[in-house]
Amino acid sequence: AYVDLRMLRGILLPLLLVFLIIVNMYVWQRFDIDYIRILSVNDPALSWPRLRPAVADNPAAHGSDNWALKPPASVGRLVSLLSVLWVIAVGIVVYTRELMAPDSVAWYACLLLWLIVLAILCCPFRILFRRSRLWLCYSLLRVMTAPFHRVHFVDSWIADQLTSLALMLLDFEYTVCLMVKDVWLGGYLDRNDVCLSPTLGIRQVLQLLPSWFRFFQCLRAYRDTRQTTNLLNAGKYFSSLPVVVAASLVAKAQQQDKQYHSLGIFYIWLCLGLVHAIYVFAWDVIMDWGLFRAQNVHPGLRPVLLYGPRRLYYGAIVADLFLRFAWTMKMSLSVSVWFGSDMLLLVLAVGEVFRRFMWNFIRLEHEQVKHLEALDMSLPNAELSQSFSSAVTAGSCQSGSESAEGGERADDLESSVSSLDRQL
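Just so we're clear, the structure is a prediction, and the values are computed from it rather than from any experiment.

A word on the overall build of the chain
Broken down by element type, the chain carries 19 helices and zero strands. Counting every position in the chain, which comprises 424 residues, the buried fraction comes to 47%. Nonlocal contacts in the chain, meaning residues at least 24 apart in sequence, comprise 71% of its contacts between residues at least 6 apart. Accessible surface for the chain amounts to roughly 20600 Å². Of this, 66% is attributable to carbon and sulfur atoms.

Things to note about the packing of helix α13 (residues 264–288) against helix α14 (residues 310–324)
α14 packs onto α13 with a crossing angle of 155° between their chain directions and a minimal axis gap of 10 Å. For the element pair α13 / α14, the angle class is roughly antiparallel. Note on packing geometry: the crossing formed by α13 with α14 is right-handed. Contacts between α13 and α14 involve A277, V280, F281, D284 and V285 from the former and I317, D320, L321 and R324 from the latter.

Quick word on the layout of surface pockets
Taken as a whole, the second largest pocket spans an internal volume of roughly 1400 Å³. Lining the second largest pocket are 41 residues; nearest its centre among them are P14, L121, L136, L140 and L162. Of all the secondary-structure elements, those providing two or more residues to the lining of the second largest pocket are α1 (2–30), α5 (72–98), α6 (103–122), α7 (130–144), α8 (153–163), α9 (166–184) and α10 (202–225). Tallying contributions element by element places α1 first for the lining of the second largest pocket, with nine residues. Each residue belonging to the lining of the second largest pocket can be placed in one class, and the counts come to 37 nonpolar, three polar and one charged.

Here's the deal with the environment of Q217
Relative to the elements of secondary structure, Q217 occurs in helix α10. A relative accessible area of 1% means that Q217 is categorised as buried. The spacing of Q217 and N230 is 13 residues in sequence and 8.9 Å in space, taken between C-alpha atoms. Apart from the residues lying within four places of it in its own chain, the contact partners of Q217 are V143, A146, V151, D155, S156 and A159.

Structural notes on a nonpolar patch on the surface
Taken together, L112, L115, L118, F172, V176 and V180 make up a surface patch of nonpolar side chains, about 470 Å² in accessible area. Listing elements by their share of the nonpolar patch, those giving two or more residues are α6 and α9.

Considerations on the confidence of the model for the chain
Taken residue by residue, the chain gives an average pLDDT of 77. The fraction at 70 or more is 72%. This model gives residues 416–424 a pLDDT under 50, and the stretch forms 12 contacts once residues within four places in sequence are excluded.

Concerning α8
For an α-helix, the turn length of 3.6 residues means that residues three or four places apart are oriented alike. With 10 of 11 residues buried, α8 is to be regarded as a mostly interior element. Along α8, the residues classified as buried are F153, V154, D155, S156, W157, I158, A159, D160, Q161 and T163.

Topic: the packing of α1 against α6
It is at 10 Å that the axes of α1 and α6 come closest, and there the two elements cross at 15°. With respect to each other, α1 and α6 are oriented roughly parallel. Here α1 runs over α6; the crossing is left-handed. Of the residues in α6, those touching α1 at V3, D4, M7, L8, G10 and I11 are A106, W107, C110, L111, L113, W114 and V117. For the contact of α1 with α6, the per-class residue count stands at 11 nonpolar, one polar and one charged.

A short note on the nonpolar core
Grouped together as the largest cluster of nonpolar side chains are 70 residues, with contacts concentrated most on M7, W28, I33, W157, W289 and L364. Ranked by the residues each element gives to this core, the list is headed by α1, at 12 residues. Of all hydrophobic cores here, the second largest spans nine residues; its members include F266, W269, L270 and W327.

Considerations on helix α11 (residues 228–238)
Along α11, the positions that sit buried rather than exposed are N230, N233, A234, K236 and Y237. The arc that holds the buried residues of α11, viewed along the axis, is 150°, so those residues lie on one side.

Points about the environment of F292
Examined against the element boundaries, F292 turns out to sit in the loop between α13 and α14. Given a relative accessible area of 46%, F292 falls into the partly exposed group. If we skip the residues at most four places from it in the chain, F292 touches V285, I286, G300, L301 and I317.

About the criteria used
- Residues numbered from 1 in each chain as written.
- Predicted model: local features only at pLDDT ≥ 70, side-chain atom pairs only at ≥ 80, totals over all residues.
- Heavy atoms only, no water.
- Helix = DSSP H or I, 4+ residues; strand = E, 2+ residues; numbered from the N terminus.
- Buried < 20%, exposed > 50% of the residue type's maximum accessible area, 1.4 Å probe, protein only.
- Contact = heavy atoms within 4.5 Å.
- Areas by Shrake-Rupley, 256 points an atom, 1.4 Å probe, with all protein chains shown as cover.
- Axes fitted to C-alpha atoms, helices over the stretch in contact; angles between N-to-C directions.
- Parallel < 35°, antiparallel > 145°, perpendicular 65-115°, else oblique.
- Left-handed = near helix turned anticlockwise from the far one by under 90°.
- 1 Å grid on protein atoms, 1.4 Å probe; cavity = no way out; pocket = protein on both sides within 12 Å on 5 of 7 lines; lining within 4 Å.
- Points joined across faces, edges and corners; volume = space filled by probe spheres on them.
- Nonpolar A, V, L, I, M, F, W, Y, C, P; charged D, E, K, R; others polar.
- Patch = residues over 30% accessible without salt bridge, like charges linked within 9 Å, V, L, I, M, F, W, Y side chains within 5 Å.
- Salt bridge = Lys/Arg side-chain N within 4 Å of Asp/Glu carboxyl O.
- pLDDT = per-residue confidence, 0-100.
- Core = buried A, V, L, I, M, F, W, Y, C linked by side-chain atoms within 4.5 Å.
- Arc of directions from axis to C-beta.

In structure tokens:
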């Protein structure tokens, strides 16, 4: 059963994340957060090379066929199609198990699902949102080649999404390895399956890939800007390396039937994991969300809140803290049984996807707030600047009131910005 789970959850996780990003887009539209500008969707330099002339000549026409500018419901149709295929694959697996058919039947169904998803993503024909798929493929290419070009916000944002899908890469590797070893080469799958072995190092490299993409992005950003915050951010992603190495040593001890929780490496892994969790949580809240700012009307938050009641932000902080430390469940729930359990890994992976979903909301809101603050600072007329600051403060104070409507506050803020632009 766990073999089937490993082959199916790798597709489930990205589908769930894309669906939640669609929900993100609905909310961003509702609160007038300009995610199209923030994610540089219409930037010709960040488009597929063959599409650049069309983007430069007519950005609006290009944008109408881009994934971010289309209504989220349109993007949802493609996600729904892939979700139906995933459900069909689950049905085939369950049905073959009931009939006690050979394992290879269920495994071929899972492999076919992976191939269909990859074929749709790489399809060169003008179907199924071709420009959207080209935009995504080119964005992924930019993520993987980060040290060789300037890093934009959208590049780091997509790489951050990938860090929440590390288990997807491991499951894809497991699917390929399983089909080669146990089906095409006639191997035998036992509890010491080589496809899960920590000794080869392949799984550790795949698990670290998204974090290393972000690590190199941070180094390139430091080279371009010379801001020390980029080095601190790089250190955050580098801190995942010793955690993964120590975890692989613990898993190796487990495979050798040793009492690994009594070994020194177990406590080293525990300490490294705690340091990494504290590091990333602090960065989430302080740097990515811009919270815990001093001298503001919202204790522990920031002066301008676009989404509404303060309790939403406090709840997000608590949820992020819980999900960043959720990996400790591997120890608290009967260590000898749960450590490395596939079902627990699925629960933790789904929790990480929802954490990223929540992170996206406040991350882009923070970028929008920084844009408004930069606009305020760039106003040449002191009276206009004071008028804009008053509008922002009024919207911020109203956001603390539970009786006010969040959408109306965001509309008032956007109207203030538009009117000031016209005056300028």
